[in-house]
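Understanding the architecture of this molecule
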Amino acid sequence: MSLTERDLKVIWHPYTQMKTASPPIPIVSGKGACLFDENGKKYIDAVSSWWVNIHGHAHPYIAQKVSEQLKKLEHVIFAGFTHEGAVELAERLLQILPANQQKAFYSDNGSTAVEVAIKMCLQYWHNQGENRTKIIAFKNAYHGDTFGAMAVSGRSAFTAAFDSLLFEVEFIDLPDQSNLQNLKSQISNLKSNTACFIFEPLVQGAGGMLMYEARYLDELMAHCRAEDVLLIADEVFTGFGRTGRRFACDYVTEQPDIMCFSKGLTGGTMAFGLTTCSQKIYDAFLSDDRLKTLFHGHSYTANPIACAAALASLDIFLDPATMENITRIENAHQQFALKIKDHPKIKTTRQTGTILAMEWETGTDTSYFSSLRDTLYNYFLEAGIILRPLGNIIYILPPYCITDGELNYIYSKIEQSLIDI
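Residues numbered from 1 in each chain as written. Predicted model: local features only at pLDDT ≥ 70, side-chain atom pairs only at ≥ 80, totals over all residues. Heavy atoms only, no water.

Details of the pairing of strand 2 (residues 34–37)
Our working definition: Paired strands, in this sense, are two strands between which DSSP finds at least two bridges. Going along the chain from the N terminus, every DSSP run of H or I of four or more residues is numbered as a helix, and every run of E of two or more is numbered as a strand.
Note: strand 1 (residues 27–31) against strand 2, four bridges, orientation antiparallel. Within the sheet, the bridge partner assigned to Ile27 lies in strand 2 and is Asp37. The hairpin turn running from strand 1 into strand 2, its antiparallel successor, is two residues long, and Gly32 in that turn takes a positive phi close to 60°. Bridge analysis of strand 2 against strand 3 (residues 42–45) gives three bridges, and the strand direction is antiparallel. Residue pairing for strand 3: Leu35 is matched across the bridge by Tyr43. Hairpin connection of strand 2 to strand 3: four residues between the antiparallel strands, including Gly40 at a positive phi of 90°.

As for the nonpolar core
In plain terms, the rule: Residues belong to a common nonpolar core when they are buried Ala, Val, Leu, Ile, Met, Phe, Trp, Tyr or Cys residues joined through side-chain atoms within 4.5 Å. Remark: exposure states derive from per-residue accessible area (1.4 Å probe, protein chains only) relative to the maximum for the residue type, with buried under 20%, exposed over 50%, and partly exposed in between. What makes two residues a contact is simply this: any of their non-hydrogen atoms within 4.5 Å.
Ranked by size, the top nonpolar core spans 91 residues in total, and within it Leu89, Phe197, Phe199, Met209, Met358 and Ile396 carry the most contacts. Each residue touching Leu89, except ones within four places of it in the same chain, is listed here: Tyr106, Phe272, Cys307, Ala310, Leu311 and Leu314. The next biggest cluster of nonpolar side chains, apart from the first, holds 28 residues, and it includes Val114, Ile135, Val169 and Phe285.

Observations concerning a nonpolar patch on the surface
Worth spelling out the cut-off: Nonpolar side chains (Val, Leu, Ile, Met, Phe, Trp, Tyr) within 5 Å and like charges within 9 Å form the patches, drawn only from residues with over 30% relative accessible area and no salt bridge. Residue-level accessible areas treat just the shown protein chains as cover; the underlying method is Shrake-Rupley with a 1.4 Å probe. One speaks of a salt bridge when a side-chain nitrogen belonging to Lys or Arg is within 4 Å of a carboxyl oxygen belonging to Asp or Glu.
There is a patch of nonpolar side chains on the surface, built from Tyr15, Trp50, Tyr368 and Phe369 and spanning about 430 Å² of accessible area. Along the chain, the position of Tyr368 falls in the loop between strand 14 (355–360) and helix 12 (372–382).

Thoughts on the environment of Tyr368
We classify Tyr368 as partly exposed; its relative accessible area is 31%. Tyr368 sits 328 residues away from Gly40 along the chain, and the two C-alpha atoms are 32 Å apart. Contact partners of Tyr368, with chain neighbours within four places excluded, come to Tyr15, Phe158, Leu390 and Gly391.

Some details on helix 13 (residues 404–420)
Note the threshold: Expected span of a helix: the number of residues minus one, times 1.5 Å. By construction, the arc corresponds to the directions joining the helix axis to the C-beta atoms.
With 17 residues, helix 13 ought to run about 24 Å at 1.5 Å a step, and its terminal C-alpha atoms sit 24 Å apart, in line with that. Within helix 13 the residues assigned to the buried category are Glu406, Leu407, Ile410, Tyr411, Ile414, Ser417 and Leu418. Projected down its long axis, helix 13 carries its buried residues within an arc of 140°, all on one side.

A look at the sheet that holds strand 14
Worth spelling out the cut-off: Lines fitted to C-alpha atoms define the axes here, with helix axes fitted over just the stretch in contact, and angles between the N-to-C directions of these axes take values from 0 to 180 degrees.
With antiparallel pairing, the three strands of this open sheet are ordered in space as 13-14-16. Looking along the sheet, the strands with just one partner apiece sit at the ends: strand 13 (346–352) and strand 16 (393–396). The mean inter-strand angle of the sheet, taken between neighbouring strand axes irrespective of direction, is 15°. Looking at chain direction, strand 14 and strand 16 are connected through four bridges and run antiparallel. Residue Glu359 lies in a different strand from strand 16, and its bridge partner there is Ile393.

Interpretation note: all reported values are geometric properties and have no functional meaning in isolation.
Shown next as structure tokens:
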């Protein structure tokens, strides 16, 4: 029995209609920007395995550091105990984050990092005796699939079965020159019972790689600060170089109160989550009253193996060669976007840092359920490229180690697809 056949007997895959989906492709190894199936076919991982892999698959340096840690300490309860990896990782990350970020709280993944941030904000006000429970978020947002993260995500087919159970959120448009003043007025009208504003800085990933300008986000953040509305920057997707700088918040002058990280945190090696906060947030929980404790934790909080992977990934990330690769990919994307932007089958192109999105013209509105999705997905798979379209939007989001030859091959197949499809 093949691996695929065994899988179908026992596995339920994410975001997959198991009745109609094609059988899963059995991957047995990876190297650099590529994955290999059991028959030896090579696939360029152009979406970094759901945006997590930033340095390439089976990176020897990360593997070495994880192996060393496994032989020393695999896990320890993080309530009442600590370990070297957790302390060092927090120290090093806080040094490169916005200056107001002072404390690190570990969790398991991006969704839980967001849950922690939401609970921090809500309890921040509760601990001070203020009833602020309203949360502001952007339309089309995606912050995760656990209930709190779903609640602050845009209402969609993803959330439809649960909408009646999600807490109320005030959704606002992405800021631009035409609506900025109106958005500020909305926030001012809500400020008395608003706990926080959560946002994906510069790029809304699952929403369709929707992009907006840093200057307008900066103004919106400054207005929230003036109105005493706490700020949560969800950098689960945008962090660790994706937007062309270390973090998307490096494009703005205002500093968030709380930041969320996962995905690239371990270089794509394993699940890990991190929520950082300012001293102001942390201090609101310091009390002789134990009821003001942040009652949140996970069995694998600050797992030493994950910390080792994250520290190794950080070493590679801070190597100047990595930023050179990020810039190289960014420049290549810009040139390719210019080349195809006027093609009649391309509705629009969007690019920020290493993220390039192309929206196909379908004659109808953009839709996650566009029938074009499967056609595009299978076309590129056949060509040995993993692209996972968001409906009629295809995007390239490669590991930073991808070669120029591999990038050019992807671009050439996209051009060919505009002829063939």
